[in-house]
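Architecture and fold: a report
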Amino acid sequence: MCPRLVSLLSLGFCVNLRIWAAVGELEKPSLSAWPSPVVPLGQTVTLQCHFRSPLKRFRLFKADGTSLSELQGNHFNNFTLGPVTREHAGSYTCSGFSRFLLLLPIHSDPLHIVVTGVLTKPAISAHPGPLVQEGRNVTLRCQSQLLFDKFILHQENSTGHFQARGETFMGGHVAADFFIGPITLVRAGTYRCYGSLSRSPYEWSAPSDPVDIVITGLCKKPSLRDEGGPRVRSGEKETLLCSSKRAFDQFHLLREGENLGRLLAGGRGPRRALQAAFPLGPGAPAHSGVYRCYGSFTRSPYAWSEPSDPLLLSVTVAKLCPALCDPVNCSLTDSSVLHFLPFVDHGLVVMKVLV
């Protein structure tokens, strides 16, 4: 073989080596969605194609291979979808072409765009309850009358999703249980769940109402008392005071596990204790129940103190007859003073209201 031919073959071999080396150095692009790949029906989402290599031409594809658009850019691409409909749900990829190797496209991994709000929201509940001591377990149950194949649990401000298949219960309900624990500050937070059907895996229901999982017992308990004292006249407003020597910046009042809201600490009570007032309104039977309050800090909204000692408020409606009147001629339409009769029963501070 002549030396010139050998030289040309060697040159071609070197060129091929350089081409394949360049291909090996190229990193495939990555596709992301802002603000989230889970998009409510009617909202918009921006798809971004990211890469480090010198790619020049880009295209966006749906899972069926149909090209949606060809975009230009040096380091990133933006493509806005929306207002989204059910047709936008699916799997997307972007591909880029080297500035030098136009015939060698490089594809990203698929990105799943999920559209929510297509079906009616399920319900979520916490068992044994949303207030959990550190290290304990809690079960979140998502259920619906719709026969979903799958439920998806999402923690707010988290990119992770948990999935479980629904089980048919009596009455046609389906449900899935998600076991969360041992509870830590990372796992405490706001949770919602969605339902979906296997034939449309990227179309989810509307989100359930939120449930807050809170760690309790991280600080010493505050105290809870009634502002009105032992006697309050009928129609007067009822206010409960939660106070603590610890400098909590907010307090929470609960009645039998139902969160009645939180108040920022305002003012100081006896012995300079920090306190917050929870007005309940005029005394009424609807106020009956066991009350507890907790303290917390705004920087850790899901970490609460130990609960205060329980305060049992029992409101009953009864017509009292004056002690000295004739029982036969006694008028049962007269109103008396509102009385609180405190006594201790099994560790509960009991207050009975007689009208």
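Note that this is a predicted model, so its numbers are computed, not measured.

**As for the overall build of the protein**
Each helix and strand counted, the protein has one helix and 29 strands in total. Considering only contacts in the protein between residues 6 or more positions apart, those separated by 24 or more positions represent 64%. Split by element, the accessible area of the protein, about 20700 Å² in all, is 56% carbon and sulfur.

**Remarks on the environment of Lys 245**
Tracing the sequence through the fold places Lys 245 in the loop between strand E21 (237-244) and strand E22 (250-255). For the pair Lys 245 and Leu 274, spaced 29 residues apart in the sequence, the C-alpha separation amounts to 6.0 Å.

**So, the sheet that holds strand E16 (residues 174-180)**
Strand order across the open sheet formed by four strands is E10-E12-E16-E15, with antiparallel pairing between neighbours. If you trace the sheet from one side to the other, it starts and ends with strand E10 (123-127) and strand E15 (167-168), each paired once. Two elements, strand E12 (residues 138-144) and E16, share seven bridges in a ladder whose sense is antiparallel. Paired with Val 138 across the two strands is Ile 180, which belongs to E16.

**Focus: the packing of aromatic side chains**
In this structure the tally under the stated criterion is five aromatic pairs. An angle of 50 degrees between the planes, with centres 5.2 Å apart, marks the rings of Phe 248 and Phe 297 as tilted. Highlighted residues: Phe 248 in the loop between E21 and E22 and Phe 297 in strand E25 (residues 289-297), separated in sequence by 49 residues. As far as the burial class goes, Phe 248 and Phe 297 line up, both buried. Judged by centre distance (5.2 Å) and plane angle (50 degrees), the ring pair of Tyr 294 and Trp 304 falls under tilted. One end of the pair, Tyr 294, is in strand E25; the other, Trp 304, is in strand E26 (residues 300-304), and ten residues separate them in sequence.

**Re the pairing of strand E13 (residues 150-155)**
Look at any regular strand and the pattern is simple: side chains alternate between the two faces of the sheet. With five bridges joining them, E13 and strand E14 (residues 161-165) adopt antiparallel strand pairing. For His 154, the partnering residue across the bridge sits in E14 and is His 161. The hairpin formed by E13 and E14 contains five residues between the paired strands, and Asn 157 there has a positive phi angle of roughly 65 degrees. As defined by bridge partners, E13 adjoins strand E17 (residues 189-197) across six bridges and the pair is classed as antiparallel. Its bridge partner lying in E17, Phe 151 is registered against Gly 195.

**Considering the sheet that holds strand E20 (residues 223-226)**
Here we have three strands laid out as an open sheet, ordered E20-E21-E24, and antiparallel in their pairing. In the strand order of this sheet, the two ends are held by E20 and strand E24 (274-282), each with one partner. Here the average twist between neighbouring strands, direction ignored, is 20 degrees. Two elements, E21 and E24, share eight bridges in a ladder whose sense is antiparallel. Across the sheet, Ser 243 pairs through a bridge with Gln 275, a residue of E24.

**Structural notes on the pairing of strand E18 (residues 200-205)**
Pairing analysis gives two bridges linking strand E9 (residues 111-119) to E18, with the strands arranged parallel. Residue Leu 119 lies in a different strand from E18, and its bridge partner there is Ser 205. Of the pairings in the sheet, the one linking E17 to E18 comprises two bridges and is antiparallel in character. The residue bridging Ser 196 from the neighbouring strand is Trp 204, located in E18. Taking the residues between adjacent antiparallel strands as the criterion, E17 and E18 are bridged by two residues.

**Considering the state of the cysteines**
By the definition in use, this model includes three disulfides. Disulfide partner of Cys 49: Cys 94, at an S-S distance of 2.1 Å. The sign of the 70 degrees torsion about the S-S bond sets the Cys 49-Cys 94 disulfide as right-handed. Of this pair, Cys 49 sits in strand E3 (residues 45-50) while Cys 94 sits in strand E7 (residues 90-98), placing them 45 residues apart in sequence. Judged by relative accessible area, Cys 49 falls into the buried class, the value being 4%. Through a disulfide, Cys 242 is tied to Cys 293; the S-S separation comes to 2.0 Å. Judged by the torsion about the S-S bond (75 degrees), the Cys 242/Cys 293 disulfide is right-handed. Of this pair, Cys 242 sits in strand E21 while Cys 293 is found in strand E25, placing the two residues 51 residues apart along the sequence. The same class applies to Cys 242 as to Cys 293, namely buried.

**Focus on unusual backbone geometry**
Note that the residue after Trp 34, namely Pro 35, is joined by a cis bond; omega there is 5 degrees. Among the secondary structure elements, Pro 35 is positioned in the loop between strand E1 (30-34) and strand E2 (38-40). The omega torsion of the bond from Gly 181 to Pro 182 falls at -10 degrees, within 30 degrees of zero and hence cis. Non-glycine residue Asn 157 carries a positive phi angle of around 65 degrees. Mapped onto the elements of the fold, Asn 157 is located in the loop between E13 and E14.

Rules used throughout
Chains are numbered independently. Their residues run from 1 in the order of the written sequence. Two thresholds apply to this predicted model, a pLDDT of at least 70 for residue-level local features and 80 or more for giving and counting side-chain atom pairs, whereas whole-chain, interface and lining totals are computed over all residues. Remark: hydrogens and water are excluded; side-chain values derive from all non-hydrogen atoms of the structure. Where helices and strands are cited, they refer to DSSP runs of H or I of at least four residues and of E of at least two residues respectively, numbered from the N terminus. By definition in these notes, contact holds between two residues if any of their heavy atoms fall within 4.5 Å. Residue burial considers only the protein chains on display, and all accessible areas are found by Shrake-Rupley using a 1.4 Å probe. Note: two strands are recorded as paired if DSSP finds a minimum of 2 bridges between them. When two rings of Phe, Tyr or Trp (its six-membered ring) have centres within 6.5 Å they constitute a pair, described as stacked for plane angles under 30 degrees, edge-to-face for angles over 60, and tilted for the intermediate range. Partly exposed describes any residue whose relative accessible area lies between the buried limit of under 20% and the exposed limit of over 50%, with all areas from a 1.4 Å probe on protein chains only and scaled to the type maximum. In this description, a line fitted to the C-alpha atoms serves as the axis of each element, helices being fitted only across the stretch in contact, and the angle between N-to-C directions of two axes falls anywhere from 0 to 180 degrees. Two cysteine sulfurs form what is called a disulfide whenever their separation falls within 2.5 Å.

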